[in-house]
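Each chain, letter by letter, is given below.
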Amino acid sequence: METTPIGSLRQHIGEQVKIQGWLQVLRDQKKMQFLVVRDRTGMVQVAFWRQSDPSLAEQISKLTTESALTITGKVVDNPIVKLGGLEIQLETLKVESLAQSPLPFEPFGDTLPSTDFRSDWRYLDLRRTESLLIFKVQTTLEMAMREFWVKNDFMEIHSPKIMGSASEGGAELFEMTYFDRKAYLAQSPQFYKQMAMAAGFEKVFEIGPVFRADPSFTARHMTEFTGIDMEISWIDSHDDVMRVLENLLQYTYQRVKEVHGDQIKEVFHKELIVPEVPFPRVTMAEAHEILKEVGYQLPPEKKGDLDPGGERALAKYIKDKYNHEFVYVIDWPITVRPFYHMRHEDNPHLTKSFDLIASGLEIVTGAQREHRYDVLLRQAKEKGVSQESIQFYLDFFKYGCPPHGGFGMGLSRLLMVMLDVPNIRECVFLFRGPNRLHP
RNA sequence: GGGGGCGUGGUGUAGCGGUUAACAUGCGGCCCUGUCAAGGCCGAGAUCGCGGGUUCGAACCCCGUCGCUCCCGCCA
């Protein structure tokens, strides 16, 4: 017999079914036994009259919560039952795996242990409705993005994560042993997706792992995370990149809302708002004026930049004024941007770059890239980047490279803002941080 | 890496100089009931992170240490 998802039992009233799931609650009474069984689609009450088979009743009595069970029985409509107005009358029970007791913590308790403690028992933590929903949303979200890209003639690439030399900065690289020499874990697919532009791929995307050796202890940093990267050719400015990005996000929000909107409202108490395009745009200079206007004191060393508090203050201003959860901060000074960001023709101190702030959190950085060999080399030298270290990269621009640009986005950060989850550790299957390598 | 906060039964908390260290939840037992993420009674379970110190006396005060956490730096 095929397994019936618990969420669809309503369509099987009067039938014999097989369900497979975890024992959530056992109410073991004198005459009757009630089991609440849960799978990833829902919960159902299973009823059993003890006298109909005393030895089976004994077996049921010994069950522990969170044990994995296979149950067959008849689905009956029963309006009295508070859980869905139906129940299963148990016929057979197979204990696939008896859970040890007590559990390290109760995944369905009123209070939850700290994120850190739950991380030790992540497979139990992931059984929670909230966790499950986050990863259902993640699946839809990634699918929607791929749909969008494929519809718009993008190509998917998979760039290597083991590299022979540093790609961008260098300081935040994990070093590893590669046979008899050193190698590094990729901190970004940046250079490789630009290589795809030089290769004539024209529009590419990559969803893949990114490694950062940053000893950051915040609720939004990880040492390994999934990066969503995109790069497109023949652009006029960074605005072309921003237009694709906002359309991509609008499409993605739309799809997630269609598929999970109701459950998100139920579980996270959040009405998912499909963002209007175009997203508000403010230049870095304007951002500073806005902060001054709302009375936010930016630390003096933050000239030409924003700090997290400033980003939140700006997001609040945009939310109040334009009722928008997203805001692009554009035209960042060259001092706070890497050498490969293109500069404005009419202002050599400003880059053609942007950050996307979503509900006060930085989730995307993007730019038009400098594709002119000489200019690129000059900017690298100016930033103190040695030519030898990036020669392989500079070579991309030697034999005809189109003007291009793109962005990098954090998958888990997007989930955080989408679902209002305050800690990134909840939004990733398994968290990796400076102090967390297990499980 | 800098600064703040917190470490008490499995879990979440209370207690903040002298208490049989309390409560909730979970766990075990019993009772009751077509129950309903039930209810009632009983029970087990904590040398209060660790190491020093102050004191007649420390979970409580001080110092150190480790762990966690938040903010900042850095970023996605």
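Residues numbered from 1 in each chain as written. Chains lettered and ligands numbered in written order. Predicted model: local features only at pLDDT ≥ 70, side-chain atom pairs only at ≥ 80, totals over all residues. Heavy atoms only, no water.

Enquirer: Please clarify how the layout of surface pockets should be interpreted in this entry.
Expert: Sizing a probe to match a water molecule and rolling it over the atoms shows the empty space that remains. Here the second largest pocket is characterised by a volume of approximately 640 Å³. The wall of the second largest pocket is formed by 28 residues, among which R38, D39, T41, G42 and M43 lie closest to the centre. No other element matches helix α4 (residues 129–151), which puts 4 residues into the lining of the second largest pocket. Here the lining of the second largest pocket is built from residues that sort into 13 nonpolar, 7 polar and 8 charged. Of the residues that make up the lining of the second largest pocket, three or more belong to each of domain 1 (6–97) and domain 2 (129–427). (1 Å grid on protein atoms, 1.4 Å probe; cavity = no way out; pocket = protein on both sides within 12 Å on 5 of 7 lines; lining within 4 Å. Points joined across faces, edges and corners; volume = space filled by probe spheres on them. Helix = DSSP H or I, 4+ residues; strand = E, 2+ residues; numbered from the N terminus. Nonpolar A, V, L, I, M, F, W, Y, C, P; charged D, E, K, R; others polar. Domains from an automatic or database assignment.)

Enquirer: How do you make sense of the protein's contact with RNA strand B when you look at a structure like this?
Expert: Q24, W49, E87, K302 and I363 are the nearest of the 51 residues found near RNA strand B. Here the atoms of RNA strand B within 4 Å of the protein split so that 52% fall in sugar or phosphate, with bases taking the remainder. R212 is positioned with one of its side-chain polar atoms (N or O) 3.0 Å from a sugar or linking oxygen of RNA strand B. Those elements giving two or more residues to the surface near RNA strand B turn out to be β1 (16–28), β2 (32–39), β3 (42–49), α2 (115–120), α8 (308–322), β17 (361–368) and β18 (404–410). Residue contributions to the surface near RNA strand B peak at 4 residues, all from β17. Its residues placed into classes, the surface near RNA strand B shows 20 nonpolar, 16 polar and 15 charged. (Near = heavy atom within 4 Å. Polar contact = N/O pair within 3.5 Å; in protein donor to acceptor, adjacent residues only side chain to side chain.)

Enquirer: Help me understand the confidence of the model for chain A in this model?
Expert: Detailed reading of predicted coordinates is not advised where the pLDDT is low. Within chain A, residue pLDDT values average 94, and 99% of them lie at 70 or more. Across chain A, the element-wise mean pLDDT spans from 90 in helix α10 (residues 387–394) up to 98 in strand β6 (residues 155–156). (pLDDT = per-residue confidence, 0-100.)

Enquirer: What is the right way to look at the nonpolar core in this model?
Expert: Across soluble globular proteins, you tend to see nonpolar side chains buried next to one another. Judged by nonpolar contacts, the single largest core of 55 residues is most densely connected at W149, L245, I363 and M409. Among the elements that take part in this core, helix α6 (residues 238–268) stands out by supplying 11 residues, more than any other. The residues contacting I363, other than those within four sequence positions of it, are F326, L356, A358, G408, M409, G410, R413, L414 and V417. With 21 residues, the next largest nonpolar core counts V17, L23, L63 and I71 among its residues. (Core = buried A, V, L, I, M, F, W, Y, C linked by side-chain atoms within 4.5 Å. Buried < 20%, exposed > 50% of the residue type's maximum accessible area, 1.4 Å probe, protein only. Contact = heavy atoms within 4.5 Å.)

Enquirer: Before we go on, may I ask you to explain the domain arrangement of chain A in this structure?
Expert: Where interface size is quoted, it is often the accessible area lost as the parts come together. Domains assigned within chain A are domain 1 (6–97) and domain 2 (129–427). Relative placement of domain 1 and domain 2: their C-alpha centres are 48 Å apart.

Enquirer: Could you clarify how one ought to interpret α4 in this entry?
Expert: Residue pairs spaced three or four apart in an α-helix point in one direction, given the helix's 3.6 residues per turn. End to end, α4 covers 33 Å across 23 residues, agreeing with the expected 33 Å (1.5 Å per residue, within 8%). Phi turns positive, to about 65°, at D153, one or two residues after α4. (Expected span 1.5 Å × (residues − 1).)

Enquirer: Looking at this model, I keep getting lost on the environment of Y317. Mind explaining?
Expert: Here Y317 shows up in helix α8. C-alpha of Y317 to C-alpha of V204: the two residues are 113 residues apart in sequence and 34 Å apart in space.

Enquirer: It is not clear to me how the sheet that holds β17 should be interpreted in this structure. Could you clarify?
Expert: The pairing of strands in a sheet happens through backbone hydrogen bonds and is either parallel or antiparallel. The sheet built from 8 strands is open, its strands ordered β6-β10-β11-β18-β17-β16-β13-β12 with mixed pairing. The open sheet has two edge strands with one neighbour each: β6 and β12 (281–283). Sheet topology places strand β16 (residues 353–358) next to β17; 6 bridges connect them, and they run antiparallel. Counterpart to A358 in the pairing with β17 is L361. Contacting β12 and β13 (326–330), helix α7 (residues 284–293) crosses the sheet at an angle of about 90° to β12. Across the face of the sheet, α8 comes into contact with β12, β13, β16 and β17 while running at roughly 120° to β13. (Pairing = 2+ DSSP bridges. Axes fitted to C-alpha atoms, helices over the stretch in contact; angles between N-to-C directions.)

Enquirer: Help me understand empty space enclosed by the protein, please; the structure alone is not making it clear to me.
Expert: Under the defined criterion, the tally for this structure stands at 1 cavity of 30 Å³ or more. In this structure, the largest cavity is lined by S119, R122, R425, V428, F429, L430, F431, R432, R436, H438 and P439.

Enquirer: Would you explain the sheet that holds strand β5 (residues 86–97) in this entry?
Expert: The mixed closed barrel is built from 5 strands, whose spatial order is β1-β2-β3-β5-β4. Looking at each pair of strands side by side, their axes are set apart by 55° on average, direction ignored. In this structure, β1 lies alongside strand β4 (residues 68–77), joined through 7 bridges in antiparallel fashion. When the bridges of β4 are listed, Q20 appears paired with T70. In this fold helix α1 (residues 54–61) packs onto β1, β2, β3 and β5, with an angle of close to 70° to the strand it touches most, β5.

Enquirer: Quick question: what am I supposed to make of the packing of α4 against helix α11 (residues 411–419) here?
Expert: What describes two packed helices is the angle between their axes and the distance between those same axes. In contact at an axis separation of 11 Å, α4 and α11 are set at 115° when each is read in the N-to-C sense. Comparing the axis directions of α4 and α11 gives the class roughly perpendicular. Handedness of the α4/α11 crossing: right-handed. Residues I134, V137, Q138, L141, E142 and M145 of α4 pack against L411, L414, L415, M418 and L419 of α11. Of the residues that constitute the contact of α4 with α11, the class distribution is 9 nonpolar, 1 polar and 1 charged. (Parallel < 35°, antiparallel > 145°, perpendicular 65-115°, else oblique. Left-handed = near helix turned anticlockwise from the far one by under 90°.)

Enquirer: Can you help me understand the packing of α6 against α11 in this one?
Expert: Across the interface, α6 lies against α11 with an axial gap of 11 Å and an inter-helix angle of 55°. If you check the angle between α6 and α11, you find them oblique. Two packed elements cross with a definite hand, and for α6 against α11 that hand is right-handed. Contacts between α6 and α11 involve L249, T252, Y253, V256, I264 and F268 on the former and, on the latter, L414, V417, M418 and L419. Considered class by class, the residues forming the contact of α6 with α11 number 9 nonpolar, 1 polar and no charged.

Enquirer: Explanation requested: the environment of C427 in the structure shown.
Expert: Following the sequence through the fold, C427 ends up in the segment after α11. Since its relative accessible area comes to 0%, C427 is described here as buried. Each C-alpha atom, one on C427 and one on I88, is 34 Å from the other, the two residues being 339 residues apart in sequence.

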